[in-house]
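Observations on the three-dimensional arrangement
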Amino acid sequence: MKLFEQQELYIYNSISKTKEKFTSINDSSIGMYVCGPTVYSNVHLGNCRTFLSFDLVFRYLKHLDYKVRYVRNITDAGHLENDADSGEDRIAKKARIEMVEPMEIVQRYTVDFHQTMAKFNALPPSIEPTATGHIIEQIEIIEKIISEGFAYVVNGSVYFDVHKFNETHSYGKLSGRNLEDMVANTRDLATQTDKKNPQDFALWKKAEPVHIMRWSSPWSDGFPGWHLECTAMSTKYLGNHFDIHGGGMDLKFPHHECEIAQSEAALKTNPVNYWMHANMLTLNGKKMAKSTGNNILPHEIFSGDNTILSKAFSPSVAKFFMYQANYRSILDFSNEALLASEKGFNRLMEAYKILSEIAPSEKNEFDSSVWRQSCYNAMNDDFNSPILIAQLFEAVKVINLAKEGKTQLDKENIDVIKKTMHDFIFDVLALEESNANNASDDNKLSDAINILIELRNQARHNKDFSTSDLIRDQLKEVGINLKDGKDGTSFSLN
Ligand code: AMP
Ligand code: ZN
């Protein structure tokens, strides 16, 4: 019997706004598509949160013995500034500024994305298709949409006719908007003269002479609209109708709404059974974003070289911090939150180690089977990682009591706790044990540096500048930089 046959998984479906019992289309196989990054700059921690939320989903589905085909794309063309239908392509803009080929930009940031996700111990998807590798498929979908009467051609560009579509379908059902309200709230932009209506969106854009990312098509030399690539690539690899589609909350409208419209228009089917949306990571209460600069990059966290954190944190600690919140909740990033997560993470990893040192008792006072099922119940309830972590800490309590001889665990129950902790900590949450050692070593190192900072402060207070400069310079020589700020002195490692 497969594990998923023994567990009842519920998924919060953004389209019905309820938790629904999960039933796969093809028995033990699942098709899951997640919108990938637009590779024009380094992924920030907010992007990583969304991808790690879906790594957790992927890993848990696999843990339940499902065969999962996980497709996550790379957006390497068609994503214009401000998510709009006009303006410069984000990748082409970066290439123009740096005077390099657009594909050099794509390569650099795809590599960065892969390396970053590997540091977080995230699994690669089963297929990682690129928009530029699927131009033919995108053109085919446009042809179908035109032949169904839901798109029109103007001056070499093709637009999806949202008003025509809405006469027979429902545009806005995912985001809970309706077309009348959209019309009422739209300011008519003089620049969008090609479109019949401002709500229409581009399927194909004729390239201006300066636009270097261009392909030939029946309508013009140009490039595909951003929403189209995900319809082309998801249906190519998962079929016209598949199980799960995910992305960040900010993609619900217009991106995912347009994907539904494209599939319903071209393929005459609702593409997805379960829509999942991960919520935003914020910094200082505002969404982390590339465009505003309000973000922190993963390598800045791992090295400690930033102005937000008092020290470096390991990838597993940063991930543990994110999993301590439900993927559907907004989460604010801060030094205090990371320090608290690090303590919790170390306590969890230490308890797992101690478990191997506990001598089994004859008697037993902890029902590990009931506890094991509550770990599953947490994940079965829409991948509720904070509840899972709370359950793991129930075991931490028992392990610490058993170590002090204050409760008894027999061999059978120790084995169940060990297997369950191993499954959930290492396979599902995919935290890395080695990080625990590094983290405690890191703690010792940062404590030692803080002692030196304190000695330097005292020297400065006593006007003994030769000693204070000596401390700073010698630390610098071994790769530790001190930074004096208004909140005191912090350090970073080279
Ligand atoms: P992009 O490269 O801009 O297309 O974004 C890649 C993914 O990161 C998308 O699923 C976004 O929804 C997601 N994302 C962007 N900003 C944040 C954030 N602050 N918190 C969580 N996810 C985000
Ligand atoms: Zn997408």
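A quick note: this is a predicted structure, and the numbers were derived from the prediction, not measured.

**Some remarks on the site of ligand 1**
- Residues in close proximity to ligand 1 total 16 residues, the closest being Pro37, Gly46, Thr50, Gly248 and Met288.
- Elements represented by at least two residues in the shell around ligand 1 include exactly α2 (45-63) and β9 (242-248).
- At four residues, α2 tops the list of elements feeding residues into the shell around ligand 1.
- Along the lines of polarity and charge, the residues of the shell around ligand 1 split into seven nonpolar, six polar and three charged.

**Some thoughts on the nonpolar core**
- Core analysis: the biggest nonpolar cluster contains 122 residues, and Ile142, Ile145, Ala151, Phe160, Leu203 and Leu392 have the highest contact counts within it.
- In terms of residue count, the dominant contributor to this core is α2 (10 residues).
- Both domain 1 (10-281) and domain 2 (296-437) contribute no fewer than three residues apiece to this core.
- Setting aside its immediate chain neighbours within four residues, Leu392 contacts Leu348, Met421, Phe424 and Ile425.

**A word on the sheet that holds strand β11 (residues 281-283)**
- Reading across the sheet, the three strands line up as β12-β11-β13 and stay open at both edges, with mixed pairing between neighbours. The open sheet has two edge strands with one neighbour each: β12 (286-287) and β13 (331-333).
- Relative to β13, β11 runs parallel, the two sharing three bridges. Residue Leu281 lies in a different strand from β13, and its bridge partner there is Leu331.

**Focus: the domain arrangement of the chain**
- By domain assignment, the chain separates into domain 1 (10-281), domain 2 (296-437) and domain 3 (439-493).
- In this complex, domain 1 contributes 25 residues to the contact, which on the side of domain 2 involves 26 residues.
- Among the elements of the structure, β1 (10-13), α2 and α4 (102-119) are those that each provide at least two residues to the side of domain 1 that touches domain 2.
- A per-element tally of the side of domain 1 that touches domain 2 places α2 first, with 11 residues.

**Thoughts on α4**
- Helix length check: α4 (18 residues) gives 26 Å between terminal C-alpha atoms against 26 Å at 1.5 Å per residue, within 8%.
- Those residues of α4 lying buried are Pro102, Ile105, Val106, Tyr109, Phe113, Thr116 and Met117. Looking down the long axis of α4, one finds its buried residues gathered within 105 degrees of arc, a one-sided arrangement. Turned more than 90 degrees from where α4 packs its buried face, Val111, Gln115 and Ala118 sit exposed.
- Taken together, the buried residues of α4 touch α2, α3 (90-98) and α10 (298-303).
- In the stretch just after α4, Asn121 is the one whose phi turns positive, near 60 degrees.

**Considering the environment of Glu300**
- Counting through the fold element by element, Glu300 comes out in helix α10.
- By the C-beta count within 10 Å, which is 19 here, Glu300 ends up partly exposed.
- Residues Glu300 and Ala312, spaced 12 residues apart in sequence, show a C-alpha to C-alpha distance of 8.0 Å.
- Excluding its chain neighbours within four sequence positions, the residues that come into contact with Glu300 are Asp305 and Asn306.

Criteria and cut-off values
- Residues numbered from 1 in each chain as written.
- Chains lettered and ligands numbered in written order.
- Predicted model: local features only at pLDDT ≥ 70, side-chain atom pairs only at ≥ 80, totals over all residues.
- Near = placed C-beta within 6 Å.
- Helix = DSSP H or I, 4+ residues; strand = E, 2+ residues; numbered from the N terminus.
- Nonpolar A, V, L, I, M, F, W, Y, C, P; charged D, E, K, R; others polar.
- Core = buried A, V, L, I, M, F, W, Y, C linked by C-beta atoms within 7 Å.
- Buried ≥ 20, exposed ≤ 12 C-beta atoms within 10 Å, placed from the backbone.
- Domains from an automatic or database assignment.
- Contact = placed C-beta atoms within 7 Å.
- Pairing = 2+ DSSP bridges.
- Expected span 1.5 Å × (residues − 1).
- Arc of directions from axis to C-beta.

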